[in-house]
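Here is how the chains run, residue by residue.
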Amino acid sequence: FRSSFAQGRQLASQGAWEEAIPLLRKAETLAGGEFLEGNYADWTTPLRQNLSEPILECRSLLADHFSQRGKHVVAVELWKRVLLLDNCHEEAYRGLMEAYRALGRQADVVRVYQTCVKAFENELDLPPPPDLQAFLEI
């Protein structure tokens, strides 16, 4: 995972998306679900936290790339995978809402916003970011 992700991220930062995508897709596939899912022993927490950021970044890079190229269905699936790891990931909510809007699925935009409101309230005791509400009202 780490090797494929590092190579893919470097190529993406250079704008070499043709070469970056296969590496980032490979890394995303290797990442699978949550590291040691279901095992919550004390020793697994630092390992899980250490891996979660690069996995989130990999999925976010891919989702954003596909969304910008009009492949919104692929972007939706990747943003959902980001939210499985971090249900308060602001960029993922924004990206998911944008992808659904581009697909003409306004009801899903509203549903995602409502999910965001609940997640931010339950996990952070905060309202959702104001720009997400503004996006909903567009």
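The structure under discussion appears in the preceding block.
This report concerns the structure included in the present document. (Residues numbered from 1 in each chain as written. Predicted model: local features only at pLDDT ≥ 70, side-chain atom pairs only at ≥ 80, totals over all residues. Heavy atoms only, no water.)

Focus: the environment of Leu 124
(1) Moving on: Secondary-structure assignment places Leu 124 in helix 6 (residues 106-124).
(2) Moving on: Excluding its chain neighbours within four sequence positions, the residues that come into contact with Leu 124 are Cys 88 and Ala 119. (Helix = DSSP H or I, 4+ residues; strand = E, 2+ residues; numbered from the N terminus. Contact = heavy atoms within 4.5 Å.)

What about the packing of aromatic side chains?
(1) Moving on: Evaluated as defined, the whole model comprises 2 aromatic pairs.
(2) Moving on: Geometrically, the ring pair formed by Phe 1 and Phe 5 is stacked, given 5.7 Å between the ring centres and 5° between the ring planes.
(3) Moving on: The ring of Trp 17 has Arg 69 lying over it, and the distance from NZ or CZ to the ring centre is 5.8 Å.
(4) Moving on: Above the plane of the ring of Phe 135 lies Arg 101, whose end atom (NZ or CZ) is 4.3 Å from the centre. (Phe/Tyr/Trp six-rings, centres within 6.5 Å; stacked < 30°, edge-to-face > 60°. Lys NZ or Arg CZ within 6 Å of the ring centre and 35° of its normal.)

Topic: the nonpolar core
(1) Moving on: Grouped together as the largest cluster of nonpolar side chains are 33 residues, with contacts concentrated most on Leu 24, Leu 62, Trp 79, Tyr 93, Leu 96 and Met 97.
(2) Moving on: Among the secondary structure elements, those contributing two or more residues to this core are helix 1 (2-13), helix 2 (17-31), helix 3 (44-68), helix 4 (72-85), helix 5 (90-102), helix 6 and helix 7 (130-137).
(3) Moving on: If sequence neighbours within four positions are ignored, Tyr 93 has contacts with Leu 83, Asn 87, Cys 88, Val 112, Thr 115, Cys 116, Ala 119, Phe 120 and Leu 132. (Core = buried A, V, L, I, M, F, W, Y, C linked by side-chain atoms within 4.5 Å. Buried < 20%, exposed > 50% of the residue type's maximum accessible area, 1.4 Å probe, protein only.)

Quick look at the packing of helix 1 against helix 2
(1) Moving on: The interhelical angle for the contact between helix 1 and helix 2, taken along N-to-C directions, is 155°, at an axis separation of 8 Å. Compared by their axis directions, helix 1 and helix 2 come out roughly antiparallel. Note that helix 1 runs across helix 2; the crossing there is left-handed. Packed against helix 1, whose contacting residues are Ser 4, Phe 5, Gln 7, Gly 8, Arg 9, Leu 11 and Ala 12, the element helix 2 presents Trp 17, Glu 19, Ala 20, Leu 23, Leu 24, Lys 26 and Ala 27 at the interface.
(2) Moving on: Here the contact of helix 1 with helix 2 is built from residues that sort into 8 nonpolar, 3 polar and 3 charged. (Axes fitted to C-alpha atoms, helices over the stretch in contact; angles between N-to-C directions. Parallel < 35°, antiparallel > 145°, perpendicular 65-115°, else oblique. Left-handed = near helix turned anticlockwise from the far one by under 90°. Nonpolar A, V, L, I, M, F, W, Y, C, P; charged D, E, K, R; others polar.)

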